[in-house]
Amino acid sequence: RSILGKDNPDPRASALADALHWVWSCQLQIRRLGEAVKAEFRNPRLSLAQRRIRSSRTTFDEHSLLVAAFNLTKALTTAEECGIHLQLSADIRAATTELRHIYEHWDRQRDSFRQKTRPKSDSGRRFLRRFPHGEPWTLFLQPDGDIVIGNVVSLRQLFRELQELEQQLLVLQRPEPSPAK
């Protein structure tokens, strides 16, 4: 929506707007995922159907966060082409990208991760090469309250990086002062 109606949007302004959109989308999804995790374990006396509904929400929020993080990585790559050199850390970028690919192709990936000895393909193989202890489709709740996706993506660390990116992008988005006359 930020550039609809403009025939030739400014590429730099568009890249900044897209990057900010995906930063904010990731932050929103982190909050939603945290709420879903808490809700999933809040009342253990729910019926099986209710527990499955909550689990489904958590899984969807996890997947949506990975999609948003992947889109942020793409937006930051586009921004880099406009001379804006900002990125998530290499490990978070690699983990969210490969997990997104694994989750997106769940129909081909899930069975290979059910048993560690089964061969992995494509993103599953790349993911385990970089993160040998990674476990897609798992959430680890740490004693300090942090949630870790797949044993590799700390939501707390990701949120901190997103806050830093947000501040840098907002500064870059400010119009430059007009020269004094």
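Heads up: these notes are all about the structure in this document. Predicted, not measured: the structure shown is a model, and the values here were computed from it.

1. Notes on the nonpolar core
Moving on, step 1. Judged by nonpolar contacts, the single largest core of 38 residues is most densely connected at L65, L72, I149, L158 and L162.
Moving on, step 2. Those elements that provide at least two residues to this core are α1 (11-42), α2 (48-81), α3 (90-104), β2 (147-149) and α6 (155-173).
Moving on, step 3. No other element matches the nine residues that α1 contributes to this core.
Moving on, step 4. Beyond its immediate chain neighbours, meaning those up to four positions away, L72 contacts A19, W22, V23, C26, L88, L162 and L165.

2. Brief notes about the sheet that holds strand β3 (residues 153-154)
Moving on, step 1. One open sheet holds the three strands; their spatial order is β1-β2-β3, and the pairing between them is antiparallel. Strands with a single pairing partner mark the edges of an open sheet, and in this sheet they are β1 (139-141) and β3.
Moving on, step 2. Where β1 and β2 come together, three bridges link them in antiparallel fashion. Its bridge partner being in β2, L141 is matched across the sheet by I147.

3. So, the environment of F131
Moving on, step 1. Summarising the element assignment, F131 is placed in the loop between α5 (123-130) and β1.
Moving on, step 2. Each C-alpha atom of the pair F131 and K120 lies 13 Å from the other, and the pair is 11 residues apart in sequence.

4. Side note on the side chain of E98
Moving on, step 1. Position of E98 among the secondary structure elements: in helix α3.
Moving on, step 2. Side chain to side chain, E98 and R126 meet in a polar contact 3.1 Å long.
Moving on, step 3. Aside from chain neighbours lying at most four places away, what touches E98 is S123, R126 and F127.

5. Overview of the packing of α3 against helix α4 (residues 106-114)
Moving on, step 1. Following both chains from N to C, one finds α3 and α4 inclined at 105 degrees, their axes separated by 6 Å at the closest point. Between α3 and α4, the angle falls in the class roughly perpendicular. In contact with I102, Y103 and E104 of α3, α4 contributes W106, Q109 and F113.
Moving on, step 2. When its residues are assigned to classes, the contact of α3 with α4 shows four nonpolar, one polar and one charged.

6. Quick look at the environment of D122
Moving on, step 1. Among the secondary structure elements, D122 is positioned in the loop between α4 and α5.
Moving on, step 2. On the accessibility criterion, D122 (45% relative accessible area) is partly exposed.
Moving on, step 3. Residues D122 and I102 lie 20 residues apart in sequence; the distance between their C-alpha atoms is 8.7 Å.

7. What to know about the side chain of T58
Moving on, step 1. You can see T58 is positioned in helix α2.
Moving on, step 2. T58 sits in the buried class, given a relative accessible area of 3%.
Moving on, step 3. A polar side-chain atom of T58 sits 3.3 Å from the main-chain carbonyl oxygen of A36.
Moving on, step 4. Apart from the residues within four sequence positions on either side, T58 is in contact with L33, A36, V37, E40 and L139.

8. Concerning the packing of α3 against α5
Moving on, step 1. Relative orientation of the contacting elements α3 and α5 amounts to 150 degrees, with a least axis distance of 9 Å. When the axis of α3 is compared with that of α5, the two are roughly antiparallel. In this structure, α3 meets α5 at a crossing whose hand is left-handed. When α3 is examined against α5, the residues A90, D91, A94, E98, L99, H101 and I102 are found in contact with a partner set consisting of S123, G124, R126, F127 and R130.
Moving on, step 2. Among the residues forming the contact of α3 with α5, the class breakdown is five nonpolar, three polar and four charged.

Reading guide: rules and limits
Chains are numbered independently. Their residues run from 1 in the order of the written sequence. The predicted origin of the model limits local features to residues at a pLDDT of at least 70 and limits the giving and counting of side-chain atom pairs to 80 or more, whereas totals for whole chains, interfaces and linings rest on all residues. Water and hydrogen atoms were dropped before computing side-chain values, which therefore reflect all heavy atoms in the structure. Grouping buried Ala, Val, Leu, Ile, Met, Phe, Trp, Tyr and Cys residues that are joined through side-chain atoms within 4.5 Å yields what is termed a nonpolar core. The buried label applies to any residue whose accessible area, calculated with a 1.4 Å probe on protein chains only, is under 20% of its type's maximum; exposed applies above 50%, and partly exposed to all values in between. The numbering of helices and of strands both runs from the N terminus, where a helix is a DSSP run of H or I of at least 4 residues and a strand a run of E of at least 2. The contact criterion used throughout is that any non-hydrogen atoms of two residues lie within 4.5 Å. Strand pairing is assigned whenever DSSP identifies at least 2 bridges connecting the two strands. N or O atoms closer than or at 3.5 Å make up a polar contact, with two conditions inside protein: a donor-capable atom paired with an acceptor-capable one, and, for residues adjacent in sequence, both atoms drawn from side chains. Between N-to-C directions, angles span 0 to 180 degrees; the directions come from axes that are lines fitted to C-alpha atoms, helices contributing only their stretch in contact. To sort the angles, those under 35 degrees are grouped as roughly parallel, those over 145 as roughly antiparallel, those from 65 to 115 as roughly perpendicular, and the leftovers as oblique. Each residue gets one label: Ala, Val, Leu, Ile, Met, Phe, Trp, Tyr, Cys and Pro are nonpolar, Asp, Glu, Lys and Arg are charged, and the others, such as Gly, are polar. Two helices crossing with the near one rotated counterclockwise from the far one by less than a right angle form a left-handed crossing, whereas a clockwise rotation gives a right-handed crossing.

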